Protein chains: 4
Amino acid sequence: MIYLPKPERLSHSANCIFSPHNLPILRVRPGEIVQVETYDAFGDQLTPDFDLKKLLESGKEVYDNPVTGPIYIEGAEPGDTLAVDIIDIKIREFGLAAISPGVGALDGWLSTSPAVTKFLKIENGTIHYRTDSAKDLTFPAKPFLGVVGVSPPLESISTVTPFQHGGNMDVADVCPGNRLFLPVGVKGGLFCVGDVHASQGDGEICGNAVEVSAQVTFKFDILKNKTIRWPRIESNDEIMTVCSSKPLEDAARCAFRELIRWLDEYGISTNDAYILLSLAARARIAQIVDPLYTVVAKIAKEIIA
Amino acid sequence: MIYLPKPERLSHSANCIFSPHNLPILRVRPGEIVQVETYDAFGDQLTPDFDLKKLLESGKEVYDNPVTGPIYIEGAEPGDTLAVDIIDIKIREFGLAAISPGVGALDGWLSTSPAVTKFLKIENGTIHYRTDSAKDLTFPAKPFLGVVGVSPPLESISTVTPFQHGGNMDVADVCPGNRLFLPVGVKGGLFCVGDVHASQGDGEICGNAVEVSAQVTFKFDILKNKTIRWPRIESNDEIMTVCSSKPLEDAARCAFRELIRWLDEYGISTNDAYILLSLAARARIAQIVDPLYTVVAKIAKEIIA
Amino acid sequence: MIYLPKPERLSHSANCIFSPHNLPILRVRPGEIVQVETYDAFGDQLTPDFDLKKLLESGKEVYDNPVTGPIYIEGAEPGDTLAVDIIDIKIREFGLAAISPGVGALDGWLSTSPAVTKFLKIENGTIHYRTDSAKDLTFPAKPFLGVVGVSPPLESISTVTPFQHGGNMDVADVCPGNRLFLPVGVKGGLFCVGDVHASQGDGEICGNAVEVSAQVTFKFDILKNKTIRWPRIESNDEIMTVCSSKPLEDAARCAFRELIRWLDEYGISTNDAYILLSLAARARIAQIVDPLYTVVAKIAKEIIA
Amino acid sequence: MIYLPKPERLSHSANCIFSPHNLPILRVRPGEIVQVETYDAFGDQLTPDFDLKKLLESGKEVYDNPVTGPIYIEGAEPGDTLAVDIIDIKIREFGLAAISPGVGALDGWLSTSPAVTKFLKIENGTIHYRTDSAKDLTFPAKPFLGVVGVSPPLESISTVTPFQHGGNMDVADVCPGNRLFLPVGVKGGLFCVGDVHASQGDGEICGNAVEVSAQVTFKFDILKNKTIRWPRIESNDEIMTVCSSKPLEDAARCAFRELIRWLDEYGISTNDAYILLSLAARARIAQIVDPLYTVVAKIAKEIIA
């Protein structure tokens, strides 16, 4: 097993961007188990004594979704698909969520200034949300990777943006037990990961999930000469496609179109796939708060097998 | 129990519109059990020998989502909320789905002309989809009401459009066991229902679900002086809000805003509700094929109770 | 010349909706000159002593864009096109504009509550806007019809909404000297008009133009068996199509599509029209504040003649 | 005067991206006159014997909107504004337009495959479009810069995409006599230019304007410590703001918001600016075919002076 600690110091150009210009800090071979430490979405900067309001007032650098990486996967080349098995995600014992000024799907309808920070205890797989009226609301922790991807072929894309390379997709299905597929854009892939969420609502409407630092365990595979346009996910029960666009219906259309392409591999014609998905698909609004919005289209394997 | 058969003959002005101008064909009191027969989305016109292509070529009138009603509920007045308990939905033994020229979320990406019609056998709660390659795909029937609503206060709205009055929402959560809440716009409410779906994928991307005629059993209640802006649904496990708008993100924003309003009745502040939904809400893309798109926002009762 | 005064009293169901259910208050023959008095967008209710804030607080009925009509045009039938020559618009000597709570394209970015009302002097064709800092800004008056249309074939549509029947299009090209074409939806057309603007910015971003009452002079023609889908406009210099949809790009796409259809009548093929418009068309964002947004696509006649 | 020829050979990483990683090929001082040669949008690859269809079939590299640059402007630093006076644009004697497979605002409604290429003669300032039916349509040449911008601060952005740094804005107001303002993102600014259009329709609906190679003459100025968020333009008659987003209404909202910010410099309050623009602003739909859509908001100087 190969262990990759967090970067000692964060910088925007090294940790807040998916870029062909960033040099790999680790090289791994397909099949090797890799354990990676990740920062939380706020770069581990917030504490009960130094909340988001204080951070924003302090004039200190703010790192949005800093990632650990890039990891160079031996043998990965443009035109291949990188398969990422998410083996395990270990999260810390508290999470963070915040209302940030000018951020979120309902900014304008409700006040987002000044910043509000919530610290949530995470214990035995349960998240505790203490409301303003002192009520304690609980819900289960289901950790997943908020930001994960490879380098785009040409552009450099901020870690706040999701696109064909992956990035800030905020898809709860990128979780232990599932396999993520990413389109390799440059030699070695240049895989990066960060922004683990202990739980997230569909839409991630205030702009945050339960933000945690974490230790993530992976295994990589390379599907040679298998070209995909957008990220895909496979779980025990479902196959899924992930697209990010605006407006949200275009993300949905794109995800369904990719799923129809995938169903072709199951011997289902375009027309049949189109009708079948209209009758039996599932979809998830991953988020409507990033520069592009993300939708996951899904179909149960037991229907198409 | 009161029984309401299908209208003998369909007309656009009587059956394809939610309107304050349509005269009630039945009056019921809150608490009475009502059983209503509904046409399928194609007005029961299609048969294996007379499919959608033939219907479109025939020059015959096409009735989109014809409804049965209006039903006048005694005591319902503008400003009240109509609660509709969906007790049972009995569906026929085959369903219909079609690709219609110029219709659907992927029109333009794939060919939608000429029309393609699929007849699906429904047996013991299982739907059978026979593909072009003779593969038989199956999935469970979960019937729900595609079109259900009351008269708007002033406008008359086609049964192809969803809006604040309900209408063509295509929300799979409007199913037996659940309670639907609608904002009363005119005296008596003028409730109509139709377009039952035996199963539907999120997004309803080709423009159809498994379309069936059905027999639906209801009970109505009136919540006096309880005013809601958009439809709401309550199941055993969740509370849900339903909004229809364009682009799709605006439907989502609206549904989450309404859910925050509802959470206020649970003693949860706007800020807490905003963050909580960002961490733990669920959402459903009901459809992206009607004149306005529909999103359902949901939160589990066990979190907020 | 036939003279139609303002309705004595306003009501929502008679004056705030385009509907096949409203009875005509005047019948005219094609070719007759008709002079119509119109209310301003606030139903002539606002005065310097009773501004929008006071109106909203008063609990009095608010009439949005009340129209005068319907006018029944002899011989107009579904499938025909109604041509409306706008001969003259006489406006009063002051205009009104307001910021209304929750209204406008930038609601959320800036505060829209409480309501702000501006009274603008109109003198010799010049509009005077007195700023908070007492600066007097001036610009020319160019009156046009904000709301104009016929009854939809089936639905009843509020006077705040633009659609295929016309309605609240807020298109500055609907002005004296130009010819407006509307698709007849019901027998007699049932033409209504109101909401004259002395001037309007593209987008009408705060939700108002320079709102005035007015006296409008028309002449109607009927183009028998000439069917159009959306309103069209012809000026001395340009042909124009008007579509209303959401998101705004869909309104633009629709307007260009209709313009390509129109260019077919000039013997220009679909491909040529598509490229030509890409090289030489003009477009106007009419408004982005109503329930659907409106775009006008235009091409100069001297190019295509 | 400094002369900068076209790059001898094109590459994607050097000529099809705005990037902080690209090394300057020229250094100039503010005030110097610079003359730059630019490729057309197809990299000067198309000829009557080798049209777009042949290029796409040939397997040769396709360069979309290749730019000349970067030019390093001495003294420009992040937080400054770069002012670019466009002194002159000389264009060649023919232009190109094409329908490209899968490209354009009406793709799906009409067929875009196979590619169609049009060669247009440009003579004495007049463009000649020869239709399929051999009709010769003419319209005036009004050359402007389709792609112009500086490096983003962190990301690298393809020359097909417009954003805060400028890029593929396709704004006809970026023409001789006007001054363009760009937000400096990195030291030296790293200015690039290309994709000159001899004429373009609002919306650029098929994805092309009249594409030409050109010789462009500039002068640069630096406004120290003057920070803008989005490109601005000043002509003799108007001030204008340019924003690119999706959906199109968000580009419009952004452009109007920036124009309200600019009007603050004229002593006009936010509320007054909001209402004034609603009464008297102009807007241009620059394009609805690139990855983000572009709107220009404008106000006449004589109103606000």
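Reading the values: rules and limits
Residues numbered from 1 in each chain as written. Chains lettered and ligands numbered in written order. Predicted model: local features only at pLDDT ≥ 70, side-chain atom pairs only at ≥ 80, totals over all residues. Helix = DSSP H or I, 4+ residues; strand = E, 2+ residues; numbered from the N terminus. Buried ≥ 20, exposed ≤ 12 C-beta atoms within 10 Å, placed from the backbone. Contact = placed C-beta atoms within 7 Å. Nonpolar A, V, L, I, M, F, W, Y, C, P; charged D, E, K, R; others polar. pLDDT = per-residue confidence, 0-100. Domains from an automatic or database assignment. Least-squares fit on C-alpha atoms with pLDDT ≥ 70 in both. Pairing = 2+ DSSP bridges. Axes fitted to C-alpha atoms, helices over the stretch in contact; angles between N-to-C directions.

**Q** Got a minute to help me understand the environment of Ile304(A) in this structure?
**A** All names here are of chain A. Following the sequence through the fold, Ile304 ends up in helix 5 (residues 301–304). A count of 21 C-beta atoms within 10 Å places Ile304 in the buried class. Measuring from C-alpha to C-alpha, the distance between Ile304 and Asp136 comes to 43 Å, with 168 residues separating the pair along the chain.

**Q** For this particular structure, what's the right way to read the interface of chain B and chain D?
**A** The accessible area lost on association of the parts is a frequent measure of interface size. With four residues of chain B at the interface, the matching set in chain D holds four residues. Residues that form the side of chain B that touches chain D fall into these classes: two nonpolar, one polar and one charged.

**Q** Looking at this structure, how should I read unusual backbone geometry?
**A** Generally, phi is negative for residues other than glycine and the peptide bonds are trans, each holding for most cases. All names here are of chain A. Note that the residue after Gly69, namely Pro70, is joined by a cis bond; omega there is 5°. By secondary structure assignment, the location of Pro70 is in strand 5 (residues 67–73). With omega at 0°, the peptide bond leading from Ser113 into Pro114 counts as cis. Relative to the assigned elements, Pro114 resides in the loop between strand 7 (94–99) and strand 8 (116–123). Phi is positive for Asp170, close to 55°, though the residue is something other than glycine. Residue position: Asp170 is located in the loop between strand 14 (166–167) and strand 15 (179–183). The exposure class assigned to Asp170 is buried, which follows from the 30 C-beta atoms found within 10 Å. If you check the backbone angles, Asp195 has positive phi at about 55° while not being a glycine. With respect to the element layout, Asp195 can be found in strand 16 (residues 191–197). By the C-beta count within 10 Å, which is 29 here, Asp195 ends up buried.

**Q** How should I be thinking about the confidence of the model for chain A in this particular structure?
**A** A low pLDDT score tells you not to read the predicted coordinates there in detail. On average, residues of chain A score 97 in pLDDT, and 100% of them are at 70 or above. The ipTM, which scores confidence in the relative placement of chains, is 0.98 for this predicted complex, and the corresponding pTM is 0.97.

**Q** Where do I start with the interface of chain A and chain B in this structure?
**A** Counting residues at the interface gives 53 residues for chain A and 53 residues for chain B. Among the elements that make up the side of chain A that touches chain B, the one with the highest residue count is helix 4 (residues 270–280) of chain A (ten residues). Residue composition of the side of chain A that touches chain B, by class: 32 nonpolar, twelve polar and nine charged.

**Q** Help me out: how do you make sense of the domain arrangement of chain A in this one?
**A** Residue and element names in this part refer to chain A. For chain A, the assigned domains are domain 1 (2–224) and domain 2 (236–305). Measuring from the centre of the C-alpha atoms in domain 1 to the corresponding centre in domain 2 gives 23 Å. Counting residues at the interface gives 18 residues for domain 1 and 15 residues for domain 2.

**Q** Hey, could you run me through the relation of the copies chain B and chain D in this one?
**A** Note that the two copies of the chain are related through a rotation about an axis and a translation along the same axis. Once turned by 180° and shifted 0.0 Å along the axis, chain B lies on chain D with an RMSD of 0.0 Å. Given the turn and translation reported, the copies of this chain are related as if by a two-fold rotation axis. Residue Gly108(B) of chain B places its C-alpha closer to the rotation axis than any other residue of that unit, at 1.7 Å. Taken as a fraction of all interface residues of chain B, those also at the interface in chain D reach 100%, which identifies the copy contact as same-surface.

**Q** When you look at the sheet that holds strand 22 (residues 293–300) of chain B in this model, what are you seeing that I'm missing?
**A** Note: strands within a sheet are paired through backbone hydrogen bonds, in either parallel or antiparallel orientation. All names here are of chain B. In space, the nine strands of this open sheet follow the order 1-4-18-6-15-19-20-22-21, with mixed pairing throughout. Pairing within the sheet leaves two strands with one partner each, and these edge strands are strand 1 (2–4) and strand 21 (282–287). Shown here is a sheet whose adjacent strand axes are inclined to one another by a mean of 25°, direction ignored. Across eight bridges, the pairing between strand 20 (residues 238–245) and strand 22 is antiparallel. Paired with Glu238 across the bridge in strand 22 is Ala300.

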